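Summary of the model geometry
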Amino acid sequence: MPLQKRTDALDWNDLRYVLALARHGSLSATARLLKVNHATVARRIAALEGSLGMTLFERRARGYVPTPAAAPVLQAAEQIEAPLLRLARLGDAKTGEQIAGTVRITCTEGVASHTVAPQLAGLRQRWPGLQIELAVEHRSLSLARREADIAIRWARPKTGELYASKLGAVPYRLYRNPAALDRNAVAAFDESLAEIPESLWLKTSGLTQAIRSNSMIPLVAAARAGACAVLLPEYIGRQYAELMPDPGKPPVTRELWLVLHRDLRNTPRIRVVTDYLSDSIRRMLRTA
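Remember, predicted model here, so these are calculated numbers, not experimental data. (Residues numbered from 1 in each chain as written. Predicted model: local features only at pLDDT ≥ 70, side-chain atom pairs only at ≥ 80, totals over all residues. Heavy atoms only, no water.)

**A closer look at the pattern of salt bridges**
- If you walk through the whole model with that rule in mind, you get nine salt bridges.
- The residue Glu234 makes a salt bridge to Arg238 at a minimum N-O spacing of 3.6 Å.
- A relative accessible area of 12% means that Glu234 is categorised as buried.
- In the salt-bridge network here, residues are joined through shared partners; they are Arg173, Glu234 and Arg238. (Salt bridge = Lys/Arg side-chain N within 4 Å of Asp/Glu carboxyl O. Buried < 20%, exposed > 50% of the residue type's maximum accessible area, 1.4 Å probe, protein only.)

Structure follows, in structure tokens:
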């Protein structure tokens, strides 16, 4: 049966499972995004493959990868998705002035726990009708595809219909417990984060990467216990009394940006969250 006839009966609910799995690569991440369980994702994909008579994904060690046969299905799905997302954004922007509803913020683990989360008490005290979702991801979730409403990122985006506001420059320093026995040992991110500026500097620092993880939490815990040093933003490192910074010029400085889709700038609940976070984070960075 020709592909055109096999796809005529598809609806958006079928196609969004394919798009989400192709973008996220795992059943669990797709399930979180679509607010279903992972068994539902697997069942919907299998049913769709059966109705189309083709295999859309291969399961590999690092997750699910679209097959060549999936390319026209994904292309068709993206063409349907784009105008639907734009209508949703415009609808949000034209809602009334009531400050209520869900705002989804995406950021890295360190930014979520040390930068955004400390501001949420004041935010909800002012607007108790808001519900905040923090999506902790090292990869950049798509604002255009509504995977998140607001992003706090370590670089200014170069493409897309996005509005970006610089929150500040963030210097990094090596922090260690003065009781640490091995002055040459350092905690570092693993290969999954090998290309970020902190990792690139550590590779050339001459220090021994004695402890590695894809999470900042165990790296900081190891440094606080005296096992090694850890490279941290100054505003985070100063929060730990056990850790002392190395003197001299900060070896790494990065920029922190708040980003959102231009169509959402005038949505009331998005506007109050972006304004509040921008002001409070800038103050925090200035006084760190």
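**Some remarks on helix α2 (residues 12-24)**
- Along its 13 residues, α2 runs 18 Å from first to last C-alpha, staying within 8% of the 18 Å computed at 1.5 Å per residue.
- All of the buried residues along α2 are Leu15, Tyr17, Val18, Leu19, Ala20, Leu21 and His24.
- Downstream of α2 by one or two residues, Gly25 has phi in the positive range, about 80°. (Helix = DSSP H or I, 4+ residues; strand = E, 2+ residues; numbered from the N terminus. Expected span 1.5 Å × (residues − 1).)

**Here we look at the pairing of strand β1 (residues 57-60)**
- Sheet topology note: the β1/strand β2 (residues 63-66) ladder contains four bridges and is antiparallel. Across the sheet, the residue bridging to Arg60 is Gly63, located in β2.
- Joining the antiparallel neighbours β1 and β2 is a turn of two residues. (Pairing = 2+ DSSP bridges.)

**Overview of the packing of helix α3 (residues 27-34) against helix α4 (residues 38-52)**
- The geometry of α3 relative to α4 is characterised by a closest axis approach of 8 Å and an angle of 100° between their N-to-C directions. In terms of orientation, α3 and α4 fall into the roughly perpendicular class. Along its contact with α3, which presents Leu27, Ser28, Thr30 and Ala31, the element α4 presents His38, Val41 and Ala42.
- By residue class, the composition of the contact of α3 with α4 is four nonpolar, three polar and no charged. (Axes fitted to C-alpha atoms, helices over the stretch in contact; angles between N-to-C directions. Parallel < 35°, antiparallel > 145°, perpendicular 65-115°, else oblique. Contact = heavy atoms within 4.5 Å. Nonpolar A, V, L, I, M, F, W, Y, C, P; charged D, E, K, R; others polar.)

**Quick look at the side chain of Thr115**
- Considering the arrangement of structural elements, one finds Thr115 in helix α6 (residues 109-116).
- Given a relative accessible area of 0%, Thr115 falls into the buried group.
- Within the structure, the side chain of Thr115 is placed 2.4 Å from the side chain of Tyr235, a separation counted as a polar contact.
- Those residues in contact with Thr115, other than ones at most four positions away along the chain, are Gly110, Tyr235, Leu256, Ile281 and Met284. (Polar contact = N/O pair within 3.5 Å; in protein donor to acceptor, adjacent residues only side chain to side chain.)

**Some remarks on the nonpolar core**
- Counting 54 residues, the largest nonpolar core has Ile152, Leu256 and Val273 as its most contacted members.
- Per-element tally for this core: the top contributor is helix α11 (residues 268-287), with eight residues.
- Excluding its chain neighbours within four sequence positions, the residues that come into contact with Leu256 are Val111, Thr115, Ile152, Arg153, Trp154, Ser165, Lys166, Leu167, Gly168, Val170, Ile281 and Leu285.
- In terms of nonpolar packing, the next biggest core, distinct from the first, is built from 21 residues, Leu15, Ala31, Leu48 and Leu52 among them. (Core = buried A, V, L, I, M, F, W, Y, C linked by side-chain atoms within 4.5 Å.)

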